[in-house]
Amino acid sequence: MQKLQKMQNEEAGDSMSTNPFTPTFGIVPAHMAGREDVIGELLRALDNGVGDPNLVTIVSGARGTGKTALLSYVADEAAAHGWIAVNVSALPGMLDEIVQQTKKRAGHLIESDDAVRISSIHLGNIAEVTFQEQNAEAATWRIRMEDLLDELAKTNTGLLITIDEVREDLDEMIQVASAMQHFLRERRNIALFMAGLPTHVSALLQNKSVSFLRRANYHDLGTVEDFEVAQALTKTIEGAGRSIDEEALKRAVASIGGFPYMLQLVGYRAWEASPDSSFLSIADVDAGISHARIDMRRKIFDTTFKELSKGDVRFLAAMLEDEGASELADIARRMGKKSNYASEYKRRLIEQGVIADRGQGLVRIEIPLFKDYLKERLS
Ligand SMILES: Nc1ncnc2c1ncn2[C@@H]1O[C@H](COP(=O)(O)OP(=O)(O)OP(=O)(O)O)[C@@H](O)[C@H]1O
Ligand SMILES: [Mg+2]
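Rules of the game
Residues numbered from 1 in each chain as written. Chains lettered and ligands numbered in written order. Predicted model: local features only at pLDDT ≥ 70, side-chain atom pairs only at ≥ 80, totals over all residues. Heavy atoms only, no water. Helix = DSSP H or I, 4+ residues; strand = E, 2+ residues; numbered from the N terminus. Buried < 20%, exposed > 50% of the residue type's maximum accessible area, 1.4 Å probe, protein only. Contact = heavy atoms within 4.5 Å. Areas by Shrake-Rupley, 256 points an atom, 1.4 Å probe, with all protein chains shown as cover. 1 Å grid on protein atoms, 1.4 Å probe; cavity = no way out; pocket = protein on both sides within 12 Å on 5 of 7 lines; lining within 4 Å. Points joined across faces, edges and corners; volume = space filled by probe spheres on them. Pairing = 2+ DSSP bridges. Axes fitted to C-alpha atoms, helices over the stretch in contact; angles between N-to-C directions. Near = heavy atom within 4 Å. Polar contact = N/O pair within 3.5 Å; in protein donor to acceptor, adjacent residues only side chain to side chain. Phe/Tyr/Trp six-rings, centres within 6.5 Å; stacked < 30°, edge-to-face > 60°. Lys NZ or Arg CZ within 6 Å of the ring centre and 35° of its normal.

J.: I tried to follow the overall build of the protein chain on my own but got confused; where do I start?
T.: Scanning the protein chain from terminus to terminus reveals 15 helices and 12 strands. Taken across its 379 residues, the protein chain has 47% of its residues classed as buried. Sequence separation of at least 24 residues holds for 73% of the intrachain contacts in the protein chain that already meet a minimum separation of 6. Approximately 19,400 Å² of the protein chain is accessible, and the part contributed by carbon and sulfur atoms is 49%.

If you want it as structure tokens, here you go:
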């Protein structure tokens, strides 16, 4: 299979194929590492349709864990299965954007309600013609959406709305959530998949006006397993006509620590090290890893670090001496504080996606590379 692909590349006179890695935020990778469970669950929900409890799902995860890629992937799959999928970010104007995108994507299915009609004509020196849009302004968002959903229902078409970068402080977020509750009660064919940073997701879920969201299906995107990283690397490389040395693959996997963005960085940089060769060598991967570490620092860790409070940093500093997970009691002792003081920072850092709760009083720095970064920065 691999041979065949290589032959085809050579035949096309294409000894150097394009780098298949996508170290760009928001891009669906050539091969998703892991995430099979959550993807399967979301696609099944769409398949089952009305009544499935996962039709409203909220996904949280630290920067670069793949929230946007996941939403895009699922939306593309949904569209390929006949759903109308609209994708927005939680920004002012989002409600209108949802309406416009729905109309655009479902243009072939719905009758236009945009037909303008002339509301008045004044004939003077200059002919002045005023057009009036039917019902667009007057109706509430919920009613405008109901009209669209009624149209879609005629062809049995479902509507998937994805909202990325959810925020608790956007009034339109609350409006979507509350309308959604009505749509589901009316048994309309609609789904809402949302994603955001853990802090914003948890703040949103605490908002009393959307208590309905607390019952939504919830996923926390952590790191992916090493074997999944290895699979995705191999498939991406072989899919683009090259192969990878076994030891080189092991090193790449170890450096990635299950972090999707790092997977793309290491893959991309290692590929670039000697793009004309038919395989990625150990030297290529080593060079790739050191470049990738610098990219990670600049694009993720510096930003994450800047967002930490002094107390957050003291808490993290108290974790660094432990090999794996740390005990909350040890952290508190090293900070010279009571456990309940330390618990407050534990909660904050979990919400920021920096540490993860391992149960039984244990916490762990979620991104292994971030631990190394902290060690360097705080020493
Ligand atoms: N499951 C995955 N396997 C491999 N690569 C992935 C996976 N998910 C995402 N990526 C890659 O990781 C990078 C980050 O993905 P994405 O932009 O979706 O992260 P994010 O969680 O939305 O980050 P942010 O919080 O900054 O918006 C992208 O380059 C993307 O191609
Ligand atoms: Mg994103």
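J.: What is the right way to look at empty space enclosed by the protein in this model?
T.: Empty space among the atoms becomes apparent when a probe as large as a water molecule is rolled across them. Tallying each qualifying case throughout the model produces 1 cavity of 30 Å³ or more. The space that makes up the largest cavity amounts to roughly 40 Å³. Lining the largest cavity we find Leu-233, Ile-237, Ile-244, Ala-252, Val-266, Gly-267, Ala-270, Leu-280 and Val-285. Listed by contribution, the elements that provide at least two residues to the lining of the largest cavity are helix 8 (226-239) and helix 10 (260-273).

J.: Looking at this structure, how should I read the sheet that holds strand 2 (residues 84-89)?
T.: Paired through their backbone hydrogen bonds, the strands of a sheet run either parallel or antiparallel. Spatially, 5 strands are ordered 2-5-6-1-7 in an open sheet, and the strand pairing comes out parallel. Because the sheet does not close on itself, it has two edges, and the strands there are strand 2 and strand 7 (217-221). Direction aside, the axes of adjacent strands within the sheet are offset by 15° on average. Against the sheet, helix 5 (residues 141-154) touches strand 2, strand 5 (159-164) and strand 6 (190-196), its axis set at about 135° to strand 5.

J.: Sorry if this is basic, but what is going on with the site of ligand 1 here?
T.: Thr-22, Gly-26, Ile-27, Lys-67 and Thr-68 are the nearest of the 23 residues found near ligand 1. Ile-27 is positioned such that a nitrogen or oxygen atom in its backbone is 2.6 Å from an oxygen atom of ligand 1. Residue Gly-66 places a main-chain N or O atom 3.0 Å away from an oxygen atom belonging to ligand 1. Listing elements by their share of the shell around ligand 1, those giving two or more residues are helix 3 (67-80) and helix 10.

J.: How should I be thinking about the packing of aromatic side chains in this particular structure?
T.: For any two aromatic rings, the description comes down to two numbers: the centre-to-centre distance and the angle of the planes. Inspection of the entire model under this criterion finds 7 aromatic pairs. An angle of 70° between the planes, with centres 6.2 Å apart, marks the rings of Phe-305 and Tyr-373 as edge-to-face. Placement of Phe-305 in helix 11 (residues 282-306) and of Tyr-373 in helix 15 (residues 368-378) is noted, with a sequence separation of 68 residues between them. Of the two residues examined, Phe-305 and Tyr-373, each falls in the buried class. Members of the aromatic cluster, connected to one another through ring pairs, are Phe-301, Phe-305, Phe-370 and Tyr-373. The aromatic ring of Trp-271 is capped on one face by Arg-242, whose charged end is 4.5 Å from the ring centroid. Just above the ring of Tyr-341 sits the side chain of Lys-337; from NZ or CZ to the centre is 4.8 Å.

J.: What is the right way to look at the sheet that holds strand 12 (residues 362-365) in this model?
T.: Within the open sheet, the 3 strands sit side by side as 10-12-11. Their pairing is antiparallel. Edge positions in the open sheet fall to strand 10 (326-327) and strand 11 (355-359), since each of these has one partner strand only. Inspection of the sheet shows strand 10 paired to strand 12 by 2 bridges, in the antiparallel sense. Paired with Glu-327 across the bridge in strand 12 is Leu-362.

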